[in-house]
Each structure stands twice: as structure tokens, then as C-alpha cells.
Amino acid sequence: MVDIKALILAIDRDDDFGKKAGVDGPVIGRDACIDAALKLSLADPEDSDANVVYAAVKLYDELKENDEFEDVEVALITGNPKVGVKSDMELSRQLEEVLERFPANGIITVTDGAEDEQIFPIITSKVPIISSHRVVVKQSEGIETTYYVLYRYMKEIMSDPGVAKIILGIPGMIILFYGLARLLSVVYPDKAKIVSAVVTGTMLLLIGLYFFTKGFHINVRKSMSSIRQSLAQQAIVVISFIAGLSIIVGGAINAYFRLEEYALDLIGSYPGTPLLQGLIYVNALSAPLVLGIAVMIGGKIIQAYLKKDYHIWYYTSALILMPALWVTLDLTTRYAMAILTISNIDIFAKVILAVVDVGLAVIVGAYLRGKVRGWEKVEVGTGS
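The paragraphs below set out a description of the structure included in this document. Keep in mind that this is a model prediction, so the values were computed, not measured. (Residues numbered from 1 in each chain as written. Predicted model: local features only at pLDDT ≥ 70, side-chain atom pairs only at ≥ 80, totals over all residues. Heavy atoms only, no water.)

**Some details on the overall build of the chain**
The condition is simple: By the criteria applied, helices consist of DSSP H or I runs no shorter than four residues and strands consist of E runs no shorter than two, each listed in order from the N terminus. Any residue under 20% of the maximum accessible area for its type is buried, any over 50% is exposed, and the rest in between are partly exposed; the area is computed with a 1.4 Å probe on protein chains only. Only heavy atoms enter the contact rule, under which two residues are in contact if any of them lie within 4.5 Å.
When helices and strands are tallied, the chain shows 16 helices and five strands. Across the 384 residues of the chain, 35% fall into the buried class. Long-range contacts, defined here as pairs at least 24 residues apart, represent 69% of the contacts in the chain between residues at least 6 apart.

Take a look at the structure:
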């Protein structure tokens, strides 16, 4: 005997028991489950959920007879016709009610398809699943004609929104796009190939995107909601990032088109080698690069101040360091181009300026760190 209290759990995610037979979940116990299955069988003899409960009761009798577990119980939980969050919340509630009456430490699930098995993560979050059984209803070849089988399963597909999207929705979209392409080809015969390519490409893109999101379990609606929420919470940072990036990109383009002008100003001639061109380009880009980064950091400081973020001292110190960064880029590129030497008084003055700037950043950062010690501590780079 295994020292486990096993709960045999029949699952009806779309609540056929409630819709068709008026049975409210949860149903606990052998006799109560048989009564519920009988009611559903009488209401709809073709519904496989009744067979799921019969199979659960049969498994219960076998385990009881073999005395394999310390204790065994059988129960049925029902969801909601609106399959999704609402039905899963109801199933979770009913499972908790069952576990209150029978504190199982192992569950054996009994289902009739993959849809009911989607709630397995909910079950395992409460009690481990030690076994799973799927019920497949056998059909009589003498009764079930091909027409009847197709009719019945098409009816099931039409009633299940999730399956209908794949079985009917995707082929329907393909036919729709194909018909649109044919009509546009008639209206614009000289552009038939272009129209066909655009429509086919769009169709393949949408289908591929759908299968990609389903295959990797990406919830597009939830992801878009998270992005909107993040943008709303980090609006100032996003705006400052776009502004700073625009300055950097604009400066990069400007430096590219005025490279010869910068070269004449710096070295008095046109750059003769790719290395020299690169050094002149970096020197020309240093000012817009530092300015763009400063704008981005400025946005972080404003956001930190409004949200009382403890790391405001960190961002402020970084902003003060921007002149030192510009001096470093300017001097290193000029020195690499051999247009000045370390003994040059201009270099000495700029180095002093950079050192003073670094010292000022440290002093201001230390001062602010003490002033904002009581502010909320959040991770650097995230909102509070």
C-alpha cells in the first residue's frame, strides 16, 4: 500500500454538466458522481463528459478493491461555458472546496481531451498529479456513418471557440485573402503579380505569426497590455530616450556628410586612410553623443524625482560626468591623430577640467545619497 490519499478528479472545463443537466460542481463521492453522470447521459447521450465520470468511478472502484492507496476518493469539478480565465477560476475554487473535504496529497486526473488538460498547472500548484487518464469513447461502425461522424464533429468544432479559430478561422482567412487577390487582379490586371505577392505575403505573415505565438505560448493581448503599462509608468524615460537617440542619430548623420569639413578643420587636409576617417568621425560625433546621453539621463533623473527613487543620486552623478566624457573622447581622438601632444597647454587645461568634473560628480553624488536615504529603494533601471 502506498501512503497517499489519492483523489480521482474528473474535469469538465466547459461545464456541460451545468448547462445540460443542471448539476452544480463540485460533486464529491461515488454515488453523487454516478448520479451526475446519469443526469448528463439522459440530457445528452452523446456527451463524452458523462463517460469521463463513469471512467473515474470505475478507476475508483479498482483502486479501492486493490487497496493500493491509504485512502481514495472520486470527485467531479465543473468550469464555465466561457472557457478561459472565468472557467479556470471556477475550477480552482471547486478544487479547493474538494480538498477541504478530502485533503488529498496526490491527484489522478480523468479527462476526455486536451482542453480539460490545460488546467493541469492549476491543479499541480495545489496538489501533485500522480497519474492522468484520457477517456476515448468507442464508436459503433454499424451506426456511425461518415456523414453522421462529420456532422457531429463539425458541430463540436463550431461550439468550441478555441478549436473553431484553427479549424475554420485560418482556412477561412486563406480563402478570404485569395478571393481579395483575385478581385484586385481583375481591377488592376497590369499589377496582378504585385497584388498576388502582397496578398500572399500578408497571409503567410499573419498565419506564421499566429502559429508562432501559439507554439511559444505567447499571450499577445497580455504582452501588449504589459507594454502599454510599462510605457505609461516610464513615459518620461521613454520620451527622453527617444529625444536623446534622435540627437545621437542626427549628429551621426551630420558628421557623416560633413566629414571632409571636419577633417580640414582638424588636420588641414582630407583624410587619407580609413583609420584617420574613423578617428575624425568619432571626434565629430563626440559632442552630439554626449548631449544625447545627457538627455536620456536627464529623463531618468526627472522620473526618479517624481517617483522618489533612491537612485536619483546615481543618475545625477552620471549626468555631471558628461563633460568629462566629452573631454576624454575629444582628447583621445585628437591625440590618436597626432595633432597635439601631452605637453600642450590645451590638453592640460582640459584634463584639469575633467578631473574637477569627476570630483564634483563624486561630491554631489555622496551628498544626494545622504539626502534621499529615506526614499524607496527600487532596482536600477525599473520603475517603482
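**Looking at the packing of helix α13 (residues 274-306) against helix α14 (residues 312-320)**
To keep it simple, the criterion reads: Lines fitted to C-alpha atoms define the axes here, with helix axes fitted over just the stretch in contact, and angles between the N-to-C directions of these axes take values from 0 to 180 degrees. An angle below 35 degrees is treated as roughly parallel, one above 145 as roughly antiparallel, one from 65 to 115 as roughly perpendicular, and anything else as oblique. In this scheme the handedness of a crossing depends on how the near helix is turned from the far one: anticlockwise by less than a right angle means left-handed, clockwise means right-handed. Classification convention: Asp, Glu, Lys, Arg as charged; Ala, Val, Leu, Ile, Met, Phe, Trp, Tyr, Cys, Pro as nonpolar; all other residues, Gly among them, as polar.
In contact at an axis separation of 9 Å, α13 and α14 are set at 155 degrees when each is read in the N-to-C sense. Overall, the two elements α13 and α14 adopt an arrangement that is roughly antiparallel. For the crossing formed where α13 meets α14, the hand is left-handed. For the pair formed by α13 and α14, the contact residues are A294, I297, K300, I301, A304 and Y305 on the first element and I312, Y315, T316, A318 and L319 on the second. In terms of residue class, the contact of α13 with α14 is made up of nine nonpolar, one polar and one charged.

**Thoughts on α13**
The criterion, for reference: The span expected for a helix works out to 1.5 Å for each residue beyond the first. Here the bend at each residue means the angle between axes fitted to two seven-residue stretches, the one ending at that residue and the one beginning there.
The end-to-end C-alpha distance of α13 is 47 Å, a good match for the 48 Å that 33 residues give at a rise of 1.5 Å each. The largest bend in α13 comes to about 40 degrees, at S286, with the proline P288 one to four residues further on. Phi turns positive one or two residues past the end of α13, at K308, with a value near 55 degrees.

**Re unusual backbone geometry**
Between G25 and the following residue, P26, the backbone shows a cis peptide bond with an omega angle of 0 degrees. Within the secondary structure layout, P26 lies in the loop between α1 (16-21) and β2 (27-28). Even without being glycine, D67 reaches a positive phi, approximately 55 degrees. You can call D67 partly exposed: its relative accessible area is 43%.

**Quick notes on helix α3 (residues 49-66)**
The periodicity of an α-helix, 3.6 residues per turn, causes residues three or four positions apart to be oriented the same way. Between its first and last C-alpha, α3 extends 26 Å over 18 residues, near the 26 Å set by a 1.5 Å rise per residue. All of the buried residues along α3 are D49, A50, V52, V53, A56, V57, L59, Y60 and L63. Downstream of α3 by a residue or two, D67 has a phi angle that is positive, lying close to 55 degrees.

**Re the pairing of strand β1 (residues 2-12)**
Heads up, the rule is: Criterion used throughout: strands pair if DSSP finds at least two bridges between them.
Note: β1 against strand β3 (residues 69-78), nine bridges, orientation parallel. Bridging across to β3, V2 finds its partner in F69. As paired elements, β1 and strand β4 (residues 106-111) share five bridges and run parallel to each other. Considered in β4, the bridge of A6 is made with G106.

**Things to note about the nonpolar core**
Here is a general trend for soluble globular proteins: nonpolar side chains tend to be buried in one another's company. Worth spelling out the cut-off: Only buried residues count toward a nonpolar core. Its members are Ala, Val, Leu, Ile, Met, Phe, Trp, Tyr and Cys residues joined through side-chain atoms within 4.5 Å.
With 25 residues, the main nonpolar core has I8, F17, C33, V53, L63, L76 and V110 as its most contacted residues. Looking at this core, the elements that each hand over two or more residues are β1, α2 (30-43), α3, β3 and β4. The greatest single-element share of this core, amounting to eight residues, is contributed by α3. With near-sequence residues (within four places) excluded, V53 lies in contact with A10, F17, C33, A37 and L76. I11, V98, L99 and F120 belong to the second-largest nonpolar core, a separate cluster that totals 17 residues.

**Things to note about the sheet that holds β3**
Overall, mixed pairing links the five strands, which are arranged β2-β3-β1-β4-β5 in an open sheet. Whereas interior strands pair on both sides, the edge strands pair on one side only; in this sheet they are β2 and β5 (129-134). Across the sheet, helix α4 (residues 85-101) lies against β1, β2, β3 and β4, angled at about 150 degrees from β3, the strand it touches most.

**A closer look at the packing of α13 against helix α15 (residues 322-336)**
Close contact between α13 and α15 brings their axes to 9 Å; oriented N to C, the two are set at 175 degrees. The orientation of α13 with respect to α15, classified from their angle, is roughly antiparallel. Contact residues: α13 offers L279, V282, N283, S286, A287, L289, V290, I293, A294 and I297, while α15 offers M322, L325, W326, L329, D330, T333, R334 and A336. Looking at the contact of α13 with α15 residue by residue, the classes come out as 13 nonpolar, three polar and two charged.

**A few points about the packing of aromatic side chains**
Where two aromatic rings form a pair, the distance of their centres and the angle of their planes describe that pair. Defined as follows: Here is the rule: rings of Phe, Tyr and Trp (six-membered ring for Trp) pair when centre to centre is within 6.5 Å. Planes less than 30 degrees apart are stacked, more than 60 are edge-to-face, and the remainder are tilted. In this analysis the charged atom, NZ for Lys or CZ for Arg, is taken to sit over a ring once it is within 6 Å of the ring centre and within 35 degrees of the ring normal.
Considering all chains together, one arrives at three aromatic pairs under this definition. Pairing Y256 with F257 gives two aromatic rings, centres 5.4 Å apart and planes at 75 degrees, and the pair type is edge-to-face. The two residues Y256 and F257 agree in class, both being exposed. For the ring pair Y314 and Y315, a centre distance of 5.9 Å and an interplane angle of 75 degrees mean the geometry is edge-to-face. Given the relative accessible area of 44%, Y314 is considered partly exposed. The positively charged end of K308 is found above the aromatic ring belonging to Y305, 5.2 Å away from the centroid.

**Focus: the pattern of salt bridges**
Test applied: Throughout this description, the term salt bridge denotes a Lys or Arg side-chain nitrogen within 4 Å of a carboxyl oxygen of Asp or Glu.
All told, the structure shown has 15 salt bridges when counted by the stated rule. Among the salt bridges present, the one from R334 reaches D330, with a minimum N-O distance of 2.9 Å. One end of the pair is R334 and the other is D330, both in helix α15 and four residues apart, which spans about a single turn. According to the relative accessible area criterion, R334 is partly exposed, its value standing at 23%. On the basis of relative accessible area, D330 is assigned to the buried category, the value being 3%.

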